[in-house]
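Residue-level structure breakdown
Here's the letter readout for the chains.
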Amino acid sequence: MGPRLRLVAVVFAALTLAALALAGVAPSASADGTGRITITPTIDPPGEVDSQAVPTGSRYKVRDSDGDVVAEGGISGSGGQRGNYQNETVDLPPGEYTVEVRHHGAGDRHAEGTRDYRGTHTVTVKEDTNSAVEVEVEPRNPEQHLGDQIQHQEDLLKKAEDAVKEMESDIAGHRRRGEDVGQEHTDMLDDLNDDVDAYKDRLRRMRRQLRDMRRQRLGGAGKGAADAAKGIRVPPVHRSQGGSKIPVKKGKY
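Presented here is a report on the structure given in the accompanying data block. (Residues numbered from 1 in each chain as written. Predicted model: local features only at pLDDT ≥ 70, side-chain atom pairs only at ≥ 80, totals over all residues. Heavy atoms only, no water.)

**Let's talk about the overall build of the protein chain**
Secondary structure assignment for the protein chain yields 4 helices and 12 strands. Buried residues in the protein chain amount to 39% of all 253 residues. Within the protein chain, counting contacts between residues at least 6 apart in sequence, those at least 24 apart form 65% of the total. Accessible surface computed for the protein chain: about 13500 Å², of which carbon and sulfur atoms make up 49%. (Helix = DSSP H or I, 4+ residues; strand = E, 2+ residues; numbered from the N terminus. Buried < 20%, exposed > 50% of the residue type's maximum accessible area, 1.4 Å probe, protein only. Contact = heavy atoms within 4.5 Å. Areas by Shrake-Rupley, 256 points an atom, 1.4 Å probe, with all protein chains shown as cover.)

**Here's the deal with a negative patch on the surface**
On the surface, Glu 184, Asp 187, Asp 190, Asp 191, Asp 194, Asp 195 and Asp 197 cluster together into a negatively charged patch. Within the secondary structure, Asp 191 sits in helix H3 (residues 183–219). (Patch = residues over 30% accessible without salt bridge, like charges linked within 9 Å, V, L, I, M, F, W, Y side chains within 5 Å. Salt bridge = Lys/Arg side-chain N within 4 Å of Asp/Glu carboxyl O. Lys, Arg positive; Asp, Glu negative; His and termini not counted. Charge placed at Lys NZ, Arg CZ, Asp CG, Glu CD.)

**Points about the environment of Thr 98**
Mapped onto the secondary structure, Thr 98 falls in strand S7 (residues 95–104). Thr 98 sits 33 residues away from Ser 65 along the chain, and the two C-alpha atoms are 7.6 Å apart. Sequence-distant contacts of Thr 98, defined by excluding residues within four places in its chain, comprise Lys 61, Val 62, Arg 63, Thr 120, His 121 and Thr 122.

**Description of the packing of helix H2 (residues 142–176) against H3**
Following both chains from N to C, one finds H2 and H3 inclined at 160°, their axes separated by 9 Å at the closest point. It follows that H2 is roughly antiparallel to H3 by the angle criterion. Crossing handedness for the pair H2 and H3: left-handed. Grouping the amino acids of the contact of H2 with H3 by side-chain chemistry returns 19 nonpolar, 6 polar and 10 charged. (Axes fitted to C-alpha atoms, helices over the stretch in contact; angles between N-to-C directions. Parallel < 35°, antiparallel > 145°, perpendicular 65-115°, else oblique. Left-handed = near helix turned anticlockwise from the far one by under 90°. Nonpolar A, V, L, I, M, F, W, Y, C, P; charged D, E, K, R; others polar.)

**Regarding H2**
Over its 35 residues, H2 runs 51 Å from end to end, which matches the ideal 51 Å to within 8%, given 1.5 Å per residue. Sitting at the amino-terminal end of H2 is Asn 141, which places a side-chain oxygen 3.1 Å from the backbone nitrogen of Glu 143. (Expected span 1.5 Å × (residues − 1). Polar contact = N/O pair within 3.5 Å; in protein donor to acceptor, adjacent residues only side chain to side chain.)

**Let's talk about unusual backbone geometry**
Even without a glycine there, the phi angle at Asp 128 is positive, about 60°. Tracing the chain through its elements places Asp 128 in the loop between strand S8 (116–125) and strand S9 (130–131).

**A few points about the nonpolar core**
Grouped together as the largest cluster of nonpolar side chains are 14 residues, with contacts concentrated most on Leu 146, Ile 150, Leu 157, Val 164, Met 167, Leu 189 and Val 196. In this structure, Ile 37, Ile 39, Ala 71 and Val 123 belong to the second largest nonpolar core, which totals 13 residues. (Core = buried A, V, L, I, M, F, W, Y, C linked by side-chain atoms within 4.5 Å.)

**Brief notes about the environment of Arg 36**
Along the polypeptide, Arg 36 turns up in strand S2 (residues 35–44). Residues Arg 36 and Lys 126 lie 90 residues apart in sequence; the distance between their C-alpha atoms is 8.1 Å. A polar contact of 2.6 Å, which involves the side chain of Arg 36, links it to the side chain of Asp 91.

**Overview of the pattern of salt bridges**
Side chains that carry opposite charge are capable of pairing whenever their charged atoms lie near each other. Applying the stated criterion across every chain yields a total of 15 salt bridges. Linking Glu 179 and Arg 177 is a salt bridge whose minimum nitrogen-to-oxygen distance equals 3.3 Å. With relative accessibility at 35%, the residue Glu 179 sits in the partly exposed group. On the basis of relative accessibility, which here comes to 52%, the residue Arg 177 falls in the exposed class. Notably, a salt bridge pairs Asp 212 with Arg 215, separated by 3.6 Å at the nearest N-O pair.

**Some thoughts on H3**
An ideal rise of 1.5 Å per residue puts 54 Å on 37 residues; H3 measures up with 54 Å between its terminal C-alpha atoms. If you check which residues of H3 are buried, you get His 185, Leu 189, Leu 192, Val 196, Tyr 199, Lys 200, Leu 203, Met 206, Arg 207, Leu 210 and Arg 214.

**With respect to the environment of Gln 151**
Structurally, the position occupied by Gln 151 is in helix H2. By relative accessible area, which is 7% here, Gln 151 ends up buried. Sequence separation of Gln 151 and Leu 203 is 52 residues, and the distance between their C-alpha atoms is 9.2 Å.

**Side note on the pairing of strand S4 (residues 58–63)**
Of all the 6 residues making up S4, 5 are buried; the element is thus mostly covered by neighbouring parts of the structure. Sheet analysis places S4 next to strand S5 (residues 69–75), joined by 6 bridges and oriented antiparallel. Bridge pairing in S5 links Arg 59 to Gly 74. Looking at chain direction, S4 and S7 are connected through 6 bridges and run antiparallel. Across the sheet, Ser 58 pairs through a bridge with His 103, a residue of S7. (Pairing = 2+ DSSP bridges.)

As structure tokens, then:
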């Protein structure tokens, strides 16, 4: 197995003060009724002892219990300095969340054939506390990585559809009040609808590619696998705003 990443969301507690100091995180919780997670990616290179700081930057997403992205961003890399741990803190209302980190290594490809890494873990955020969870992020093979890319496109589609709804609501409000709707509003709505269509087209192509990859993998394992490929499971679907089917974000595929 190639290098492994770890995502550390450090808890504010006496037993974790050393870890907080290592990550450069001040041991304080938010004071506005929310909870806090502190995300610190690390990597375990082969042949090394103990985790090291991730050399290049990584991306994180935090999803709520419905699978919707409620926080996302980037975390800087260490610049090759082993102890230069970088982190990101996120304040959230109490509840259940899934934290995921994706990292693209700049070095040699690992055994799975890609430089891509990902891991997820659920975490319970409590009011006025820091929540702790350690996620070990495993290397992704090409099929898994394509699944990750599909999930990312689903997130972008959801954002675009939400933006369309917001713009349509804004335009409808202007019209109800007897106000003129400027050409810039309709142009923006057209652009957003074009984005939605583009994401749907991209998702259809990527899902076909993923099915083809699975068929090729299963087809090479004999008749039983070939028969299984005929009924290959595709991601669950739900109805999008325009009525077409898109994959649900939850679950691995």
